[in-house]
2 protein chains.
Amino acid sequence: MKVVSTAVEIQALARGYRDTGLTIGLVPTMGWFHQGHLALMKEAGNRADKVIVSLFVNPIQFGPDEDLDNYPHDLERDCKLAEEVGVDLLYAPNKEFMYPDGFSTTVHIAGLTSGLCGGDRPGHFDGVTTVVSKLFNQTLPHVAVFGEKDFQQLAVIRQLVRDLDFPIEIIGHPIVREKSGLAMSSRNSYLKKDEMNAALSLSKAIACAKRAAGEKQDISVQEIRKIVTDVILAHPECGIDYIEVVDKTTLQNCEVVNSDSMLVLAVKINKRIRLLDNSIIQGN
Amino acid sequence: MKVVSTAVEIQALARGYRDTGLTIGLVPTMGWFHQGHLALMKEAGNRADKVIVSLFVNPIQFGPDEDLDNYPHDLERDCKLAEEVGVDLLYAPNKEFMYPDGFSTTVHIAGLTSGLCGGDRPGHFDGVTTVVSKLFNQTLPHVAVFGEKDFQQLAVIRQLVRDLDFPIEIIGHPIVREKSGLAMSSRNSYLKKDEMNAALSLSKAIACAKRAAGEKQDISVQEIRKIVTDVILAHPECGIDYIEVVDKTTLQNCEVVNSDSMLVLAVKINKRIRLLDNSIIQGN
């Protein structure tokens, strides 16, 4: 596996792949790899000849009071893990190369970005769509794989690709979970031992909601939200950023629960650690 | 020459060129071709194996009181002219394909877009950078050629390509002029006979400014602007949108006139027809 740090290098290598008829799968990441990331990399390997993983903690998608400066990192460890799952190129650019003096472009998606994480993190998705547009042009992928844990992000990226006609297929990969049910996230490494039960309340609440929906076909959005809220707020460490039932495509609030309804949660543990989870409500 | 109207078709044809090792030159246009457009097409032909010309009167770069509905058009005539200069593909998408229901992405460039035409036409450059991003992804060019008459647009496109890492070389082509000196523009077709002298005042004013700068090495910005203003306002049909001396790269107002100084003008004839012209001040 080769590690490169500049856009010029990665673009030349990607062009070389394309010019010899090889297809490219991209997995954009912020590093500190866990089994969720590795599953995305394997998926990219199943769908393309060459796998490029980008590792960039993108400053413009963090708010001023967020965890940019503390975001966990260990390039050596990440390189080893990526190599083990067959990644061909690890692209780890530095901030100055990505956003040189005079950088002045923003890619903005309206609508999909206004609620949920976009409501809690103003400007976050502008940062995401801007950096992903850059990464697409730098790595020239045929397919790009994103995790469904960041469900709104995935919807936003699909909209970006559709609207700007990027010639790239976007693949969503199901959430990878710990045996405990906890959705894997680099931010789980912030959790102290005594915060683990609170963290597990997200997946437990989802399981309760799905069970209730299985038992009562005409369950209402209000009932779902109450079930989830009760499970989560049983833990005093938990603060709710949002608990919503939304259409899986439009991300608009559902009035009734149906097969397109997604339950989406963002919960802060001890005001420090923001965790996401989601699931369709009816079905697996 | 083949004429296509959908992104799927043009992307497949462009991909076909690339897969057989052919390079692509793009000329984005709004149609109603004149010798200026044809010069850009010839330039693209000099620089690439295949030339794609897009023809799309982009609604999102027009303000509510502008000439979108009256913009001159004649596809048959344009096809004939493009074919004569060796264009391979004319891509004329319709509005509904470019901006389907639910379209919600904006590519915005700060800084460069705030003054000059951006000041007079709010949102104009967002429309330009958004459509050009789409056209780049649809036609996959190696090089794209833009006219220097729209000097600010060219600077904005260069910034877009640099910031988002589009793997595309941007070529600026010098203004093509009528024998009279008038910078060629599709909007010249709006000019009535008795408005021609007023329209010619732009290029005449530029010539006067350059002559004065040749005669007085330390000419000031104020002197240049006065010379130009006087020539133009000698015609009662003329209203000045702006007359500025700016750095050719940053588009910031110059404090002194030097070899990087551009004189840029936007003038409205009888409040109907907005004409642009520009030139470096020192040199040819």
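Just so you know, these numbers come straight off a predicted model, no measurement behind them. (Residues numbered from 1 in each chain as written. Chains lettered and ligands numbered in written order. Predicted model: local features only at pLDDT ≥ 70, side-chain atom pairs only at ≥ 80, totals over all residues.)

**Quick word on the packing of helix H6 (residues 124-139) of chain A against helix H7 (residues 151-164) of chain A**
Residue and element names in this part refer to chain A.
For step 1, the next point in the chain: Interaxial distance between H6 and H7 falls to 11 Å at its minimum, and their mutual angle equals 50°. The angle between H6 and H7 falls in the class oblique. Seen from above, H6 lies across H7 with right-handed handedness. Residues Phe 125, Val 128, Thr 129, Val 132 and Ser 133 of H6 pack against Gln 153, Val 156, Ile 157 and Leu 160 of H7.
For step 2, the next point in the chain: Grouping the amino acids of the contact of H6 with H7 by side-chain chemistry returns 6 nonpolar, 3 polar and no charged. (Axes fitted to C-alpha atoms, helices over the stretch in contact; angles between N-to-C directions. Helix = DSSP H or I, 4+ residues; strand = E, 2+ residues; numbered from the N terminus. Parallel < 35°, antiparallel > 145°, perpendicular 65-115°, else oblique. Left-handed = near helix turned anticlockwise from the far one by under 90°. Contact = placed C-beta atoms within 7 Å. Nonpolar A, V, L, I, M, F, W, Y, C, P; charged D, E, K, R; others polar.)

**Looking at the interface of chain A and chain B**
Often, the extent of an interface is quoted as the loss of accessible area on bringing the components together.
For step 1, the next point in the chain: Residue-level contacts link 23 residues of chain A with 23 residues of chain B.
For step 2, the next point in the chain: Within the residue set of the side of chain A that touches chain B, elements represented by two or more residues are helix H1 (7-19), strand S5 (105-109), H6 and H7 of chain A.
For step 3, the next point in the chain: The element contributing the most residues to the side of chain A that touches chain B is S5 of chain A, with 5 residues.
For step 4, the next point in the chain: The class makeup of the residues in the side of chain A that touches chain B is 10 nonpolar, 10 polar and 3 charged.

**Concerning the sheet that holds strand S1 (residues 2-4) of chain B**
All names here are of chain B.
For step 1, the next point in the chain: Pairing is parallel in the open sheet, where 6 strands are placed in the order S1-S4-S3-S2-S6-S7. The open sheet has two free edges, formed respectively by S1 and strand S7 (169-173), since each of these has just one partner strand. In this sheet, adjacent strand axes meet at a mean angle of 25° when their direction is disregarded.
For step 2, the next point in the chain: With 6 bridges connecting them, strand S2 (residues 24-29) and strand S3 (residues 50-55) associate as parallel partners. Across the sheet, Val 27 pairs through a bridge with Val 53, a residue of S3.
For step 3, the next point in the chain: Sheet strands touched by helix H7 (residues 151-164): strand S6 (143-147) and S7. Its angle to S7, the strand with the most contacts, is close to 170°. (Pairing = 2+ DSSP bridges.)

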